[in-house]
Amino acid sequence: MTQTEQLLNRHRIKPTRQRLAVMDLLLNSNQRHFTAEQLYLQLQNQGDELGQATVYRVLNDFAKAGLLRRNQLTQGKAYYELADDQPHVHLVDVHQGDIVEMQDERLMMQLRGTVQQMGYEIVDMQLNVYVKATS
Ligand SMILES: [Zn+2]
């Protein structure tokens, strides 16, 4: 059994060919944030004939199972990323469209502390900061 199959099994998702193709791409890419369309096109490029509706369905399954985070970053477009890391801040470049991850442990600690004082704990978060490059 491949690692990808094991991962899907652990999350009680049946490892169909389509799901394995999408997860393999997500795991092996240098890119971390994908729209459904970008994933669809990359799968096409590498010769995996998956319909667009199938890609959407697979991403939805993964998000529901907690494997992916769905993030609304720019102009209503949803981006998917693996939910295998710490919550982080996204810097969204409003001119270039780039998405940069920002790790700031102090900010996170401060957030956790404030949330705790209000009687809650963080279960998930999305923090997007819209930026433009300074010239
Ligand atoms: Zn991210």
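Residues numbered from 1 in each chain as written. Predicted model: local features only at pLDDT ≥ 70, side-chain atom pairs only at ≥ 80, totals over all residues.

This is how it is decided: UniProt positions are given in the numbering used here, feature names are shortened, and annotations may be inferred rather than shown by experiment.
An unreviewed UniProt entry lists the protein chain under the name Ferric uptake regulation protein, with Shewanella yunxiaonensis as the source organism. Its UniProt record, at the heading Subunit (unreviewed entry), says of the protein chain: "Homodimer."

### What to know about the overall build of the protein chain
So the rule is basically this: Helix and strand definitions follow DSSP, with helices as H or I runs of at least four residues and strands as E runs of at least two, each counted in order from the N terminus. The exposure scheme places C-beta atoms from the backbone and then counts, for each residue, the other C-beta atoms within 10 Å of its own, assigning buried at 20 or more, exposed at 12 or fewer, and partly exposed in between.
A tally of helices and strands in the protein chain yields five helices and five strands. Ordered by position from the N terminus, the helices and strands of the protein chain form the series α-α-α-α-β-β-β-β-α-β. Each of the three principal axes of the protein chain carries a C-alpha extent, and together these read 45 × 40 × 20 Å. Within the span of the protein chain, comprising 135 residues, buried residues form 15% of the whole.

### A closer look at the environment of Val-115
Stated precisely, the cut-off is as follows: Any two residues are considered in contact once their C-beta atoms, placed from the backbone, lie within 7 Å.
Locating Val-115 in the fold gives a position in helix α5 (residues 105-117). Residues contacting Val-115, with those up to four places away along its chain left out, are Tyr-120, Glu-121 and Ile-122.

### Section: the packing of helix α1 (residues 3-10) against helix α2 (residues 17-28)
Inclusion rule: With axes taken as lines fitted to C-alpha atoms, and helix axes fitted only over the stretch in contact, angles between N-to-C directions fall between 0 and 180 degrees. In this scheme, roughly parallel covers angles under 35 degrees and roughly antiparallel covers those over 145, while 65 to 115 is roughly perpendicular and the rest are oblique. By the convention adopted, Pro, Cys, Tyr, Trp, Phe, Met, Ile, Leu, Val and Ala count as nonpolar, Lys, Arg, Asp and Glu as charged, and the other residues, Gly among them, as polar.
Two elements in contact, α1 and α2, have axes separated by 10 Å at closest approach and are oriented at 110°. The angle between α1 and α2 falls in the class roughly perpendicular. Together, Thr-4, Glu-5, Leu-7 and Leu-8 of α1 and Arg-19, Leu-20, Met-23, Asp-24 and Leu-27 of α2 make up the contact between the two elements. Class assignment for the residues of the contact of α1 with α2 results in five nonpolar, one polar and three charged.

### A look at the sheet that holds strand β3 (residues 89-93)
Rules: In this analysis, strands are considered paired if DSSP registers two or more bridges between them.
If you walk across this open sheet you meet the three strands as β4-β3-β5, and the pairing is mixed. Taken across any chain shown, the strands that pair with only one partner, and hence form the sheet edges, are β4 (99-102) and β5 (127-131). Neighbour-to-neighbour, the strand axes of this sheet turn through a mean angle of 30°, independent of strand direction. The sheet contact formed by β3 and β5 spans five bridges and is parallel. Across the sheet, residue His-90 finds its bridge partner in β5, namely Asn-128.

### Some remarks on the nonpolar core
The condition is simple: As used throughout, a nonpolar core is a set of buried Ala, Val, Leu, Ile, Met, Phe, Trp, Tyr and Cys residues joined through C-beta atoms within 7 Å of each other.
In terms of nonpolar packing, the biggest core is built from 18 residues, with Val-22, Leu-39, Val-55 and Leu-59 touching the most fellow members. The set of elements that each furnish at least two residues to this core consists of α2, α3 (36-45), α4 (52-64) and β2 (77-82).

### What to know about the environment of Tyr-120
In this fold, Tyr-120 is placed in the loop between α5 and β5. Note on Tyr-120: 10 C-beta atoms within 10 Å, which makes it exposed. Note: C-alpha distance between Tyr-120 and Gln-52 (68 residues apart in sequence) is 39 Å.

### Focus: the pairing of β2
Every regular strand shows the same layout, with side chains that alternate between the two sheet faces. Two elements, strand β1 (residues 68-74) and β2, share six bridges in a ladder whose sense is antiparallel. By the bridge assignment for β2, Leu-68 is matched with Leu-82. Where β1 folds back onto β2 in an antiparallel hairpin, the turn is made up of two residues, including Gln-75, whose phi is positive at roughly 40°.

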